[in-house]
Amino acid sequence: MNTPALTPFEARIEHATLVEQVTRWDRQYHAEDAPEVDDAVYDAAKRRLLEIEAVFPELAKNSPTAKVGAAPAEGFGKVRHAVPMLSLDNAFADDDVREFVGRIRRFLALAPDAPIALVAEPKIDGLSISLRYENGIFVQGATRGDGTEGENVTENLKTLATLPRRIENAPAVLEVRGEVYMTKADFMALNQRQEAAGDKIFANPRNAAAGSLRQLNPAITATRPLSLFAYAMGEVSEPVADSHAHFLEKLTGWGFPTNQLATRCDDVDAVIAFYHNIGERRAGLPYDIDGVVYKVDRFDWQQRLGFVSRSPRWAIAHKFPAEQARTFLKAIHISVGRTGVLTPWAELEPVNVGGVVVGQATLHNEDDIRRKDIRAGDTVIVQRAGDVIPQVVGPVPGTQRGPTEFSMVEMLKAGGDHPVCPACGSHAERIEGESAWRCTGGLVCPAQATERLIHFASRNAFDIEGLGERNLAFLFHIGRVTKPADIFRLKAIEESIPEEQKALWRSPKKDKLAQAIPKNMLEFNTSRLGTLPLIAFEGWKDKSVEKLLKAIEDRRSIALERFIYALGIRQVGETTAKRLARHYISFTHWRDQMIAAVDRENEAYHELVSIEDIGPSVAGDILSFFEEEHNREALKDLADQLTILDAQAPVATNSPVAGKAVVFTGELVAMTRQEAKARAESLGAKVVGSVSKKTDYVIAGPGAGSKLTEAEKLGVTVLTEQEWLDLINA
Ligand code: IVH
């Protein structure tokens, strides 16, 4: 068979089949000393793998031709954080910091010259943890996890010499948040010991700290030199301070290690000066930092400022400039995203960029590559900043250039007449006015399908442990999971396979195995895979299958906002998903309203676009999703497998405005529009942008216009700002 004649989809299937067999034969040969095929068959299979990988290099990643790593470790127990552990927004330029302070000023309606004190502290490059004390005793420690739920690492944390096990004069419940890290000196010494013992070498102090804390055996953690800085508060049973600076003093008093460089600054110029000063001293600090964190000092202001999505409005991380390195750009490839966007990426000669080895980098899009004139064969600068995907900055001036200019069309034509998707061969097109190319294959494109599945199971969506990229690609290849609902059928399939057949795959006797595996892998018919238990495949054992099925069962009931986000509708990120969930409350109501809104001219549509931040463009993408018959069917199929939990009941159900739809119009005096909205939402009200029969209150200040007229016409209750404040008891 000729490899170029394979479609990418056929290549994947054949490749997966071969991988499964070669890996098993490898194991039989090395571990069991009992190969069931002769060398010629084995070599032919290996050659065929290499042939396919030469044409489809992306397949080489999960291949025995490149030998892959060890099975995942058993997990830790889970801990639900009483107060979510948030992340921080980033600032890169000084002006971003000025804007941050400006936003705070506007939100709190402070005068242009009113002082806003901030505490500036180094941003430690480690991993964040939460420490819970009850009646002064350390009772539980957890990693951040997804911010809502982390891993229980209590015993491991107890091995840290500087972690207070008991504190005096603390409130009944006190949660302290901070960073576990490894000093540069400890990291170097640890790596030397590891090397001498023939053990794993860590890439940087952060990885070493994470790897050490997440040891299943606390005795191993105890041998690792971990350090701690405390810097934030989680749940507390009573107030402990009125400002962050004051809280840091309290922490020090209780015996927590705090960062001595933390400084209370009176204004934005002072924090920026702090940042530049620390930047200069960075290399000489005993630990790695990747920026500076600024926090509004006053706790009452922090409270009023609250959060947007996953980050507080009252803090920001000012990052240091990206780390750069120079390397050789071996080749440019194209990957297919969840929505069909075709993104070029660079295969690089692996290079260490600020402590992390980088072998791939994004090239964004065609226009960007052209503007920078990046070519395969160039010597380039790559950079990475924090957790962002590494990028190619451009060719190094004065070095030998790659022979040919990059052309997306030519690459997509792959020698043929028309540009096609590299994964499914469907027509590829560049949409007018956009810089992106897209695959038009939709449902038939296996790359889009797998990316959608990966998104579906990902951390902020269904968060199914064990269903990452690798396992999903595998389950997709063998045809077991091709759409989200299939995930929830895995258990039934496994249970329907007779025990005797499973036993066959557990048996070490090769004659039994031989009965089930054809001698020549090229005759392997993928339809047979449908009847095999997962343990028939390399890397799966009873235990790992059981664990995966349990992780899936645990997610059969799911919050509406996660469910909506998981669908992967264009432009529907976490924030929009949350707004939709809070607005429509139940899955069926949301779905029915979306289907009704497809007409565009009716009340359901007007209601949709009245939701904050949902304009015609986002609404258009949501409705395009519902317009497709197959999406509605897939949604039904999926919903039938699940219990979709109603959106969180309004935060304060006892508030008089919980569940009420309110519209603010005209000028407000006591607080800014933004703060008024945030406050109303925290009391469980739904703030909408336009007045309809469903609106409960219109809060009208001076200068109110058409919305007020509309409210009067529809007979909606109109309140003054003061009446509203009285109502919410502010
Ligand atoms: S405060 C609500 N302070 O940065 C804000 N975070 O990008 C809670 N980090 O997950 C975080 N040093 O792991 C804070 N001095 C510091 C920090 C710090 C490092 C990490 C932390 C957090 C991440 C956010």
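Preceding this section is the structure that the text describes.
These numbers come from a predicted model, not from an experiment.

1. With respect to the overall build of the protein chain
Right, on to step 1. Scanning the protein chain from terminus to terminus reveals 28 helices and 26 strands.
Right, on to step 2. For a compact globule of 730 residues, the expected C-alpha radius of gyration is about 27 Å, and the protein chain comes in at 29 Å, within 12% of that figure.
Right, on to step 3. Principal axes of the C-alpha set define a box for the protein chain whose edges measure 85 × 65 × 65 Å.
Right, on to step 4. Expressed as a percentage of the 730 residues in the protein chain, the buried residues total 48%.
Right, on to step 5. Residue pairs at least 24 apart in sequence account for 67% of intrachain contacts in the protein chain once pairs closer than 6 positions are excluded.
Right, on to step 6. About 35,000 Å² of surface is accessible on the protein chain, with carbon and sulfur atoms providing 51% of the total.
Right, on to step 7. Across the protein chain, the 87 positively charged side chains and the 102 negatively charged ones have centroids separated by 2 Å.

2. Overview of helix α26 (residues 673-682)
Two residues of an α-helix separated by three or four positions point the same way, owing to the 3.6 residues in each turn.
Right, on to step 1. Taken residue by residue, α26 has Glu 675, Ala 676 and Ala 680 as its buried positions. Down the axis of α26, the smallest arc covering the buried residues is 135°, so these residues share one side.
Right, on to step 2. Phi turns positive, to about 95°, at Gly 684, one or two residues after α26.

3. Notes on the site of the ligand
Right, on to step 1. Surrounding the ligand, one finds 13 residues, the nearest of these being Glu 121, Ile 124, Glu 179, Tyr 231 and Lys 295.
Right, on to step 2. A distance of 3.3 Å separates a nitrogen atom of the ligand from a polar backbone atom of Pro 122.
Right, on to step 3. Within the complex, 88% of the 530 Å² of free accessible area of the ligand lies under protein.
Right, on to step 4. Counting residues per element, the ones that place at least two in the shell around the ligand are β3 (118-124) and β10 (289-296).
Right, on to step 5. Of the residues forming the shell around the ligand, the biggest block, 4 residues, is contributed by β3.
Right, on to step 6. Here the shell around the ligand is composed, by residue class, of 8 nonpolar, 1 polar and 4 charged.

4. Observations regarding the side chain of Asn 365
Right, on to step 1. Examined against the element boundaries, Asn 365 turns out to sit in the loop between β16 (356-362) and α11 (366-372).
Right, on to step 2. Among the polar contacts made by the side chain of Asn 365, one reaches the main-chain amide nitrogen of Asp 368 at a distance of 2.9 Å.
Right, on to step 3. Once residues lying within four places of it in the same chain are set aside, the contact partners of Asn 365 are Pro 344 and Ser 435.

5. Examining the sheet that holds β3
Right, on to step 1. Pairing is mixed across the open sheet formed by 5 strands, whose spatial order is β2-β13-β10-β3-β9. Pairing within the sheet leaves two strands with one partner each, and these edge strands are β2 (90-91) and β9 (263-265).
Right, on to step 2. Pairing between β3 and β10: 7 bridges, direction antiparallel. Its bridge partner being in β10, Glu 121 is matched across the sheet by Val 293.
Right, on to step 3. Relative to strand β13 (residues 315-319), helix α3 (residues 94-107) is tilted by about 175°, and along the sheet it contacts β2, β3, β10 and β13.

Rules used in this analysis
- Residues numbered from 1 in each chain as written.
- Predicted model: local features only at pLDDT ≥ 70, side-chain atom pairs only at ≥ 80, totals over all residues.
- Heavy atoms only, no water.
- Helix = DSSP H or I, 4+ residues; strand = E, 2+ residues; numbered from the N terminus.
- Rg over C-alpha atoms; globule rule 2.2 N^0.38 Å.
- Buried < 20%, exposed > 50% of the residue type's maximum accessible area, 1.4 Å probe, protein only.
- Contact = heavy atoms within 4.5 Å.
- Areas by Shrake-Rupley, 256 points an atom, 1.4 Å probe, with all protein chains shown as cover.
- Lys, Arg positive; Asp, Glu negative; His and termini not counted.
- Charge placed at Lys NZ, Arg CZ, Asp CG, Glu CD.
- Arc of directions from axis to C-beta.
- Near = heavy atom within 4 Å.
- Polar contact = N/O pair within 3.5 Å; in protein donor to acceptor, adjacent residues only side chain to side chain.
- Nonpolar A, V, L, I, M, F, W, Y, C, P; charged D, E, K, R; others polar.
- Pairing = 2+ DSSP bridges.
- Axes fitted to C-alpha atoms, helices over the stretch in contact; angles between N-to-C directions.

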